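Here is how the chains run, residue by residue.
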Amino acid sequence: MAQGNFGNSGSRTHAYGWEAEEAVEQARVQVASVLNADPREVIFTSGATESDNLALKGVVDAEIAAGGKRRHIVTSAIEHKAILDPCAVLESRGFEVTYLAPQREGLVPVEQVREALREDTLLVSIMHANNEIGVINDIGAIGEVCRENNVIFHSDIAQSFGKVPIDVKAQAVDLLSISGHKIYGPKGVGALYIRRDPAVPLVAQMHGGGQEMGYRSGTIATHQVVGLGSASALCAADMAVDGERIEALRDRFWAHLKQIPGTVLNGVESPRLQGNLNVGFAGVDGETLIMALDDVAAANGSACNSTSVRPSHVLLALGLPEDLAHASLRFTFGRFTTEEEVDYAASRVADVVGGLQARNSAVST
Ligand SMILES: Cc1ncc(COP(=O)(O)O)c(C=O)c1O
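Conventions used here
Residues numbered from 1 in each chain as written. Predicted model: local features only at pLDDT ≥ 70, side-chain atom pairs only at ≥ 80, totals over all residues. Heavy atoms only, no water. Helix = DSSP H or I, 4+ residues; strand = E, 2+ residues; numbered from the N terminus. Rg over C-alpha atoms; globule rule 2.2 N^0.38 Å. Buried < 20%, exposed > 50% of the residue type's maximum accessible area, 1.4 Å probe, protein only. Contact = heavy atoms within 4.5 Å. Areas by Shrake-Rupley, 256 points an atom, 1.4 Å probe, with all protein chains shown as cover. Pairing = 2+ DSSP bridges. Axes fitted to C-alpha atoms, helices over the stretch in contact; angles between N-to-C directions. Core = buried A, V, L, I, M, F, W, Y, C linked by side-chain atoms within 4.5 Å. Lys, Arg positive; Asp, Glu negative; His and termini not counted. Salt bridge = Lys/Arg side-chain N within 4 Å of Asp/Glu carboxyl O. Left-handed = near helix turned anticlockwise from the far one by under 90°. Near = heavy atom within 4 Å. Polar contact = N/O pair within 3.5 Å; in protein donor to acceptor, adjacent residues only side chain to side chain. Nonpolar A, V, L, I, M, F, W, Y, C, P; charged D, E, K, R; others polar. Domains from an automatic or database assignment. Buried area = accessible area lost by both parts, 1.4 Å probe. Phe/Tyr/Trp six-rings, centres within 6.5 Å; stacked < 30°, edge-to-face > 60°.

S.K.: Would you take a moment to explain the overall build of the protein chain for this structure?
M.R.: Summing up its helical and strand segments, the protein chain has ten helices and 13 strands in all. Scaling as 2.2 N^0.38, a compact globule of 365 residues should have a C-alpha radius of gyration of about 21 Å, and the protein chain matches this with 22 Å. The burial tally for the protein chain puts 52% of its 365 residues in the buried class. Put simply, of all contacts in the protein chain between residues at least 6 apart along the chain, 69% involve residues at least 24 apart. When the accessible area of the protein chain is evaluated, it comes to approximately 16,100 Å², of which 54% is carbon and sulfur surface.

And the structure:
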């Protein structure tokens, strides 16, 4: 490979370009093989946000371009904002979106999807694993229902890609969004799987040089893409071993935590991503809790912006009261997490939560 692989993979007239192109094509094979897909079904993007936007808006634009009349989309209320926000844009363009309310356990059952389908349903977008509570939907079954009804099925698999087996030859999925940084790859790179048979009608959202089979113009971020490819290959090789080890760590942590009075697990215990635990602590203030746990890298159930701290839309959609949604933390466990870290974090959480609960009950008596 030329030093630093300087060439542009789109330059077909010299060796630097060929080497870069070869590296990109190898990455495409690596990403595709995690899904058992044809490499020609994978296009590179800047991340799952772009892939989600391209999938949703691209399907809608293809319908309009073909003179089709379908204007209904089905999704769930607990999707990532990268789905919910494009859906809001499409609503402003005259589309009707049904936001399925998940069950208390966070899952979207296939029957709920079936019942939501209408004559004019064009697209269903339901995520595989939820990014906050980690629960895993049965995208194979949902895809079957969509296919029976001639509806296109997209799934945001940013959280499950490389962690939960997905096989596009066995599962009736049409479009899948992937992100590099969820699998220890680089940030700012992702991919969209686009089924070729039956072909998914999709109109590009970025126009220009016609790269990525015309679906996504712009010079490819070669180094990022190569990183995504390598990260995909590592995940594929170690999926089962990593999964088992991470699940054991997560279960060890949960065994400690569930001893704390007032502790509730948010979302169904299984099927759930091996590395995810989302826990609510009754009787404590969420802000005080996260501030006191400054040496534990947990995420709180709040989406913060400069003017407000709102409880997570996911936890509220599950029916949690606001205070418990505020006092919920997401703990994630990964390839590099150790038992010592798990035990340390568990004892810190137990101390802090116990201390806050004792203080609050002293104040209220
Ligand atoms: C489910 C899901 N979708 C989309 C995204 C956005 O991914 P990216 O940062 O690659 O655009 C994320 C990451 O936060 C995610 O977890």
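S.K.: Would you explain the sheet that holds strand E2 (residues 72-76) in this entry?
M.R.: Adjacent strands of a sheet form backbone hydrogen bonds with each other and so pair up, either parallel or antiparallel. Taking strand neighbours across the sheet as the criterion, the seven strands line up as E1-E7-E6-E5-E4-E2-E3 in an open arrangement whose pairing is mixed. Taken across any chain shown, the strands that pair with only one partner, and hence form the sheet edges, are strand E1 (42-45) and strand E3 (96-100). In this sheet, neighbouring strand axes are inclined to one another by 20° on average, regardless of whether the strands run parallel or antiparallel. Across five bridges, the pairing between strand E6 (residues 175-179) and strand E7 (residues 190-194) is antiparallel. The residue of E7 that forms the bridge with Ile-178 is Ala-191. Seen against the sheet, helix H1 (residues 15-35) touches E1, E6 and E7 and runs at an angle of roughly 115° to E1.

S.K.: Help me out: how do you make sense of the environment of Lys-258 in this one?
M.R.: Relative to the elements of secondary structure, Lys-258 occurs in the loop between helix H6 (222-257) and strand E8 (263-265). Using a relative accessible area of 49% as the deciding quantity, one classes Lys-258 as partly exposed.

S.K.: Looking at this structure, I do not really get the nonpolar core. What am I missing?
M.R.: Within soluble globular proteins, side chains that are nonpolar tend to cluster in buried spots. Grouped together as the largest cluster of nonpolar side chains are 40 residues, with contacts concentrated most on Leu-35, Phe-44 and Val-124. Elements with a contribution of two residues or more to this core: H1, E1, helix H4 (110-116), helix H5 (139-148), E6, E7 and H6. With six residues, H1 is the largest single contributor of residues to this core. In this structure Phe-44 touches Val-24, Ala-27, Arg-28, Val-31, Gly-190, Ala-191, Glu-212, Arg-216, Val-225 and Leu-228, once residues within four positions along its chain are discounted.

S.K.: Would you take a moment to explain the side chain of Glu-132 for this structure?
M.R.: Among the secondary structure elements, Glu-132 is positioned in the loop between strand E4 (121-125) and H5. Salt bridges are absent for the buried Glu-132, whose nearest opposite-charge side chain, Arg-330, sits at 6.8 Å.

S.K.: What am I meant to see in the packing of H1 against H6 here?
M.R.: The N-to-C vectors of H1 and H6 enclose an angle of 35°; their axes lie 8 Å apart at closest approach. The hand of the H1/H6 crossing is left-handed. Of the residues in H6, those touching H1 at Ala-20, Ala-23, Val-24, Ala-27, Gln-30, Val-31 and Val-34 are Thr-222, Val-225, Val-226, Leu-228, Gly-229, Ser-230, Ser-232, Ala-233, Ala-236 and Met-239.

S.K.: Would you explain the site of the ligand in this entry?
M.R.: In the vicinity of the ligand, the contacting residues are Gly-47, Ala-48, Thr-49, His-80, Met-127, Asn-131, Asp-156, Ala-158, Gln-159, Ser-179, His-181 and Lys-182. One of the side-chain nitrogen or oxygen atoms of Ser-179 is found 2.7 Å away from an oxygen atom of the ligand. Computed on the free molecule, the ligand has an accessible area of 400 Å², of which 84% lies beneath the protein chains in the complex. Residues belonging to the shell around the ligand are distributed by class as follows: three nonpolar, seven polar and two charged.

S.K.: What is the right way to look at the domain arrangement of the protein chain in this model?
M.R.: Much of the literature gives interface size as the accessible area that the parts lose upon coming together. Looking at the protein chain, the domain boundaries give domain 1 (3-234) and domain 2 (239-364). Counting residues at the interface gives 28 residues for domain 1 and 21 residues for domain 2. Taking both partners together, domain 1 and domain 2 bury about 2,100 Å²; carbon and sulfur atoms supply 59% of that area. Contact with domain 2 buries surface across domain 1, with Glu-132, Ile-133 and Tyr-184 losing the most and accounting together for 32% of the total.

S.K.: Can you help me understand unusual backbone geometry in this one?
M.R.: Across the chain, the bulk of peptide bonds are trans and the bulk of non-glycine residues have phi less than zero. Asp-197 connects to Pro-198 through a cis peptide bond whose omega is 0°. Backbone torsion omega between Ser-270 and Pro-271 reads 0°, so that peptide bond is classified as cis. Along the chain, Pro-271 turns up in the loop between E8 and strand E9 (276-281). One non-glycine residue, Asn-150, adopts positive backbone phi at about 60°. If you trace the backbone, Asn-150 turns up in the loop between H5 and strand E5 (152-156). On the basis of relative accessibility, which here comes to 59%, the residue Asn-150 falls in the exposed class.

S.K.: Explain the packing of aromatic side chains here, please?
M.R.: The relation between two aromatic rings is expressed through the spacing of the ring centres and the mutual angle of the planes. Applying the stated rule across the entire model yields three aromatic pairs. Between Tyr-184 and Phe-336 the ring centres are 5.5 Å apart and the planes differ by 85°, which places this aromatic pair in the edge-to-face class. Highlighted residues: Tyr-184 in the loop between E6 and E7 and Phe-336 in the loop between strand E13 (328-332) and helix H10 (339-364), separated in sequence by 152 residues. Clustering of aromatic rings is evident, with ring pairs tying together Phe-253, Phe-331 and Phe-333.

S.K.: How do you make sense of the pairing of E1 when you look at a structure like this?
M.R.: Residues in a regular strand point their side chains to alternate faces of the sheet. Burial of the side chains of E1 extends over both faces: Val-42 and Phe-44 are buried on one face and Ile-43 and Thr-45 on the other. For E1 and E7, the ladder comprises four bridges, and the chain directions are antiparallel. Within the sheet, the bridge partner assigned to Thr-45 lies in E7 and is Gly-190.

S.K.: How should the pairing of E7 be read in this particular structure?
M.R.: Of all five residues that make up E7, five are buried, and the element is covered over most of its length. Burial of E7 is two-sided: the residues Gly-190, Leu-192 and Ile-194 facing one way and the residues Ala-191 and Tyr-193 facing the other way are all buried.

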